[in-house]
Amino acid sequence: NHMLVVEAKFDGEQLATDPVDHTDQPEFATELAWEIDRKALHQHRLQRTPIKLQCFALDPITSAKETIGYIVLDLRTAQETKQAPKWYQLLSNKYTKFKSEIQISIALETDTKAPVDSFKAKGAPPRDGKVPAILAGLDPRDIVAVLNEEGGYHQIGPAEYCTDSFIMSVTIAFATQLEQLIPCTMKLPERQPEFFFYYSLLGNDVTNEPFNDLINPNFEPERASVRIRSSVEVLRVYLALQSKLQIHLCCGDQSLGSTEIPLTGLLKKGSTEINQHPVTVEGAFTLDPPNRAKQKLAPIPVELAPTVGVSVALQREGIDSQSLIELKTQNEHEPEHSKKKVLTPIKEKTLTEPKSPRVSPVPSHNQSPPTKDDATESEVESLQYDRDTKPNPKASSSVPASLAQPVTTSNASEVASGQKIAVPATSHHFCFSIDLRSIHALEIGFPINCILRYSYPFFGSAAPIMTNPPVEVRKNMEVFLPQSYCAFDFATMPHQLQDTFLRIPLLVELWHKDKMSKDLLLGIARIQLSNVLSSEKTRFLGSNGEQCWRQTYSETVPIIAAQGSNNRIADLSYTVTLEDYGLVKMREIFVSDSSQGVSAIQQKPSSLPPAPCPSEIQTEPRETLEYKAALELEMWKEMQEDIFENQLKQKELAHMQALAEEWKKRDRERESLVKKKVAEYTILEGKLQKTLIDLEKREQQLASAESELQREKKELQSERQRNLQELQDSIRRAKEDCIHQVELERLKIKQLEEDKHRLQQQLNDAENKYKILEKEFQQFKDQQNNKPEIRLQSEINLLTLEKVELERKLESATKSKLHYKQQWGRALKELARLKQREQESQMARLKKQQEELEQMRLRYLAAEEKDTVKTERQELLDIRNELNRLRQQEQKQYQDSREIASGKKDGPHGSVLEEGLDDYLTRLIEERDTLMRTGVYNHEDRIISELDRQIREILAKSNASN
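Residues numbered from 1 in each chain as written. Predicted model: local features only at pLDDT ≥ 70, side-chain atom pairs only at ≥ 80, totals over all residues. Heavy atoms only, no water.

1. Points about the overall build of the protein chain
Here is step 1 of the chain: A tally of regular secondary structure across the protein chain gives eleven helices and 33 strands.
Here is step 2 of the chain: Burial statistics for the protein chain: of 962 residues in total, 32% are counted as buried.
Here is step 3 of the chain: Put simply, of all contacts in the protein chain between residues at least 6 apart along the chain, 69% involve residues at least 24 apart.
Here is step 4 of the chain: By element, 53% of the accessible surface of the protein chain is carried by carbon and sulfur atoms, the whole surface being about 65,100 Å². (Helix = DSSP H or I, 4+ residues; strand = E, 2+ residues; numbered from the N terminus. Buried < 20%, exposed > 50% of the residue type's maximum accessible area, 1.4 Å probe, protein only. Contact = heavy atoms within 4.5 Å. Areas by Shrake-Rupley, 256 points an atom, 1.4 Å probe, with all protein chains shown as cover.)

Structure, rendered in structure tokens:
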């Protein structure tokens, strides 16, 4: 009886599906959607915010929920194109015997609904201004990148416009001064967290390989490329809309700084460069902290600004590019004695097939040292190796002669080299690989077709190693070299290796190949191989499970001109790797007096010492086996002592180098921090100077303001004295005016008093005249009242008032009569309703009493049967007597009414009876009509029938008497 509910939580908002029946295969068929802007979506992707779905079993009666399992979805797997649903297994499944799964599809949808407020500003037109004429019917806002999984490319624009294929790649090559992005108040820890660069390319999140050192960031350049299906015009409009590529330096889920790469320069208006060669935008771009504007930070000097080297390239898919790296097998004309591992020198990521598996086309014995998987959680895979690459059949014969071919014993070698001794191996098996990555910053004014050539006999082969084929290099362009990886296997002692690397650098020659003229040596780069010995060691397991060590070092060195002044003509980026496979197994060592390099130690098959010739019977003491054994033992002891001393020296040298490197590292950190502090203090000093100048200006302004204040104060005091004098003068004048006004008012008062006495006398005279006239009027009025007409008029008025009062009383009596009649009708209706209700309640009580009596009768029937019969008989007798009495009363009343109606009374009262019959008849008719008007009674009721009968009898009697 349970129901299934799935709840999803994301961005602080929780949504739930409608409850469905708890069956084996429930169907939810529900879409849960969250509305979010692109900036917040980008932030959630950067922070790797998960979407958690929880499945509950819901009890519909008690509303209790029980957890069945949950699923965690990665937001970065959501794409703007609709993807096929996938099955996700429930974690922490309640039903452990079953493998519960839910089919889910996650996608991004662009909200295209119209804005609610019609007064908002309209959408901005495309930044490029006008759409080309061939795209007149196309809205620039509809041009978006859509992933085509089957074709393995991103389609930009409608299908009818997508006629060409392009490859867009982004390469992060280097970074400098990244420590400037860390606040000076934060102390650099001993073990720093991992840092990496992040950017979004056509909706795909890309991160490079993490690195730990901000002061000297050491990471391999990586290229992320996408295939695009579009046209030049549509792509130009799209790049005008998406005009910037934002790259972030991140530590975990926090962005330390970012920069924006302009993309509008790739396809300029009216330019056709992309049809001939790839177009690029590259350079060192400054990283800005994310909150510089909010914190109002001071600008950093240019030489201390954190920068990142980025190259963005766009090319047609059919045009060859030197900057793109292809994986090729060795050509037939390459020397067989040089063991090369031709791999791509730069890690490349392709974004067209997000989940394509890795392919390792070359066998394990011909691969480069194992590298770390560069796949990121955003499903950006590293570049697959070329599927057509086949194992080199000559690989077995291309190793150096020191290890590949054992030297056979011959008389000539014995004579030239002396004797052989069998001692424990002290040599180590090394594998040294060099990868010449790229050439950039060319300072020559003309393009060159370059190859690189070098030779190092210490590795067992004096034959030169060359890159092939020649590549074209132009000014301000970085070119990655094809077939530039080579590895050498050899055996030697560690101190000999260290001594050789310190003394002899690797010289790499830069040649210009021209079909029309002779090859030209342009310059030489010196690579100090001892740098790899001071790099950090990493442990790995060999093919037989033994413990091995690897050291890797990458650097950019200048290429110095071979002729003329020692000027730099270009920069060469390389990576060298040294692998130590441990001690060489027990073998015979061929000791040569004329040989000068232990690095050419050659290996012989194990064999016993030659037996003495039987013809030699008399041998000298030095030729005996005992003497030779003792000599070999002493030589072995001396060699062991030398080996021990060399190991101690090597350890001492390694410790000294480690200390020196640590000191250099600490010194570089302190130097960078000091530089940063000096720059900050310089900025603060400038601010202080500016503040001092502002204070001096403010002091001058205050002095001038103070003098101005003193002047205004004097002016105000003089103004005050002048106003005070004027005020005293005005007061004096006002007093004089007041005195004059008082005199005038006194004269006026005196005049008014005289007028008052005169008017008082006139008033007294007028009052005397009024009293005389009032007496005369009273006498006239008394004379008029004594006349008869006046008395009649007053009586008429009194009678009129009495009439009005009587009419008013009559009207109120009539209204009260009608009111009482209405109230009587209402009372009759209410009485009838109460009567009916009382009858119903009486019936109900009677029924209830009957039921109770029935129950009591059934309960006590046997015990009280006799008493009950007697009681009932007595009650029946009482009822019969009461009925007889009522019948007699009714008969008596009926007889009285008949006598009154028939007029059988005495004669003297006959006329009086007739008048009484008429009044009685009128009263009966009024009662009947009144009862009928109430609506409670009808003609069939007993009382109405009785009234009708009495009315008919009285009418009949009156007719008979007449």
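2. Remarks on the pairing of strand β17 (residues 307-316)
Here is step 1 of the chain: In terms of burial, β17 is largely enclosed, as ten of its ten residues are buried.
Here is step 2 of the chain: Side-chain alternation along β17 places Thr307, Gly309, Ser311, Ala313 and Gln315 on one buried face and Val308, Val310, Val312, Leu314 and Arg316 on a second face that is also buried.
Here is step 3 of the chain: Here ten bridges tie strand β10 (residues 164-176) to β17, and the two strands are oriented antiparallel to one another. What sits directly across from isoleucine 167, in β17, is glutamine 315. (Pairing = 2+ DSSP bridges.)

3. What to know about the side chain of serine 484
Here is step 1 of the chain: The residue serine 484 is located in the loop between β25 (479-480) and β26 (485-492) in this model.
Here is step 2 of the chain: Here the side chain of serine 484 touches leucine 436 through a polar contact of 2.7 Å, landing on its backbone oxygen. (Polar contact = N/O pair within 3.5 Å; in protein donor to acceptor, adjacent residues only side chain to side chain.)

4. Let's talk about helix α1 (residues 38-46)
Here is step 1 of the chain: Within α1, burial applies to Leu41, His44, Arg45 and Leu46.
Here is step 2 of the chain: Looking one or two residues past α1, arginine 48 carries a phi angle of roughly 55°, positive in sign.

5. Re the packing of aromatic side chains
Here is step 1 of the chain: On inspection of all chains with the given rule, the structure shows 18 aromatic pairs.
Here is step 2 of the chain: Both rings, one in phenylalanine 458 and one in phenylalanine 490, keep their centres 5.7 Å apart while their planes meet at 65°; by these two values the pair is edge-to-face. One end of the pair, phenylalanine 458, is in the loop between β22 (448-456) and β23 (461-466); the other, phenylalanine 490, is in strand β26, with 32 residues separating them in the sequence.
Here is step 3 of the chain: Owing to a relative accessible area of 9%, phenylalanine 458 belongs among the buried residues under this scheme.
Here is step 4 of the chain: A residue is classified by how much of its surface remains accessible, and phenylalanine 490, at 0% relative accessible area, is buried.
Here is step 5 of the chain: Its guanidinium or amino end placed over the ring of tyrosine 70, lysine 52 lies 5.0 Å from that ring's centre, counting from NZ or CZ.
Here is step 6 of the chain: Above the ring of tryptophan 663, the side-chain terminus of arginine 670 is found at 4.9 Å from the ring centroid. (Phe/Tyr/Trp six-rings, centres within 6.5 Å; stacked < 30°, edge-to-face > 60°. Lys NZ or Arg CZ within 6 Å of the ring centre and 35° of its normal.)

6. Concerning the environment of tyrosine 553
Here is step 1 of the chain: Mapped onto the elements, tyrosine 553 comes out in strand β30 (residues 547-561).
Here is step 2 of the chain: The partly exposed category is assigned to tyrosine 553, whose relative accessible area is 23%.
Here is step 3 of the chain: Tyrosine 553 sits 18 residues away from serine 535 along the chain, and the two C-alpha atoms are 6.4 Å apart.
Here is step 4 of the chain: Residue contacts for tyrosine 553: discarding those within four places in its chain leaves Asn531, Val532, Tyr574, Thr575 and Val576.

7. Digging into the nonpolar core
Here is step 1 of the chain: Counting 47 residues, the largest nonpolar core has Met168, Phe197, Tyr199, Leu249, Leu266, Val312 and Leu314 as its most contacted members.
Here is step 2 of the chain: Counting residues per element, the ones that place at least two in this core are β10, β11 (195-201), β13 (222-230), α2 (232-241), β14 (244-251), β15 (254-262), β16 (279-286) and β17.
Here is step 3 of the chain: Here this core takes six residues from α2, the largest share from any one element.
Here is step 4 of the chain: Once you skip the residues sitting within four places of it in the chain, methionine 168 turns out to touch Leu201, Ala224, Ser225, Val226, Ile228, Leu263, Leu266, Val312, Ala313 and Leu314.
Here is step 5 of the chain: Within the second largest apolar cluster, 42 residues are counted, among which are Leu436, Val471, Val473 and Phe501. (Core = buried A, V, L, I, M, F, W, Y, C linked by side-chain atoms within 4.5 Å.)

8. So, unusual backbone geometry
Note on backbone geometry: most residues besides glycine have negative phi, and most peptide bonds are trans.
Here is step 1 of the chain: Along the chain, asparagine 468 connects to proline 469 via a cis peptide bond; the corresponding omega equals 0°.
Here is step 2 of the chain: With respect to the secondary-structure elements, proline 469 resides in the loop between β23 and β24 (471-473).
Here is step 3 of the chain: Within the chain, glutamine 177 stands out as a residue other than glycine whose phi angle is a positive 55°.
Here is step 4 of the chain: Among the secondary structure elements, glutamine 177 is positioned in the loop between β10 and β11.

9. Thoughts on a negative patch on the surface
Here is step 1 of the chain: Where like charges cluster on the molecular surface, the negative patch consists of Glu634, Glu638, Glu641, Asp642 and Glu645.
Here is step 2 of the chain: Topologically, aspartate 642 is positioned in helix α7 (residues 625-785).
Here is step 3 of the chain: Classification of aspartate 642 by relative accessible area gives partly exposed; the value is 43%. (Patch = residues over 30% accessible without salt bridge, like charges linked within 9 Å, V, L, I, M, F, W, Y side chains within 5 Å. Salt bridge = Lys/Arg side-chain N within 4 Å of Asp/Glu carboxyl O. Lys, Arg positive; Asp, Glu negative; His and termini not counted. Charge placed at Lys NZ, Arg CZ, Asp CG, Glu CD.)

10. A word on the environment of serine 438
Here is step 1 of the chain: For serine 438, the position within the fold is in strand β21 (residues 428-440).
Here is step 2 of the chain: According to the relative accessible area criterion, serine 438 is buried, its value standing at 1%.
Here is step 3 of the chain: Each C-alpha atom of the pair serine 438 and leucine 481 lies 5.5 Å from the other, and the pair is 43 residues apart in sequence.
Here is step 4 of the chain: With residues up to four places along the chain from it excluded, the contact list for serine 438 reads Glu478, Val479, Phe480, Leu481, Asp571, Leu572 and Ser573.
Here is step 5 of the chain: Side chain to side chain, serine 438 and glutamate 478 meet in a polar contact 3.0 Å long.

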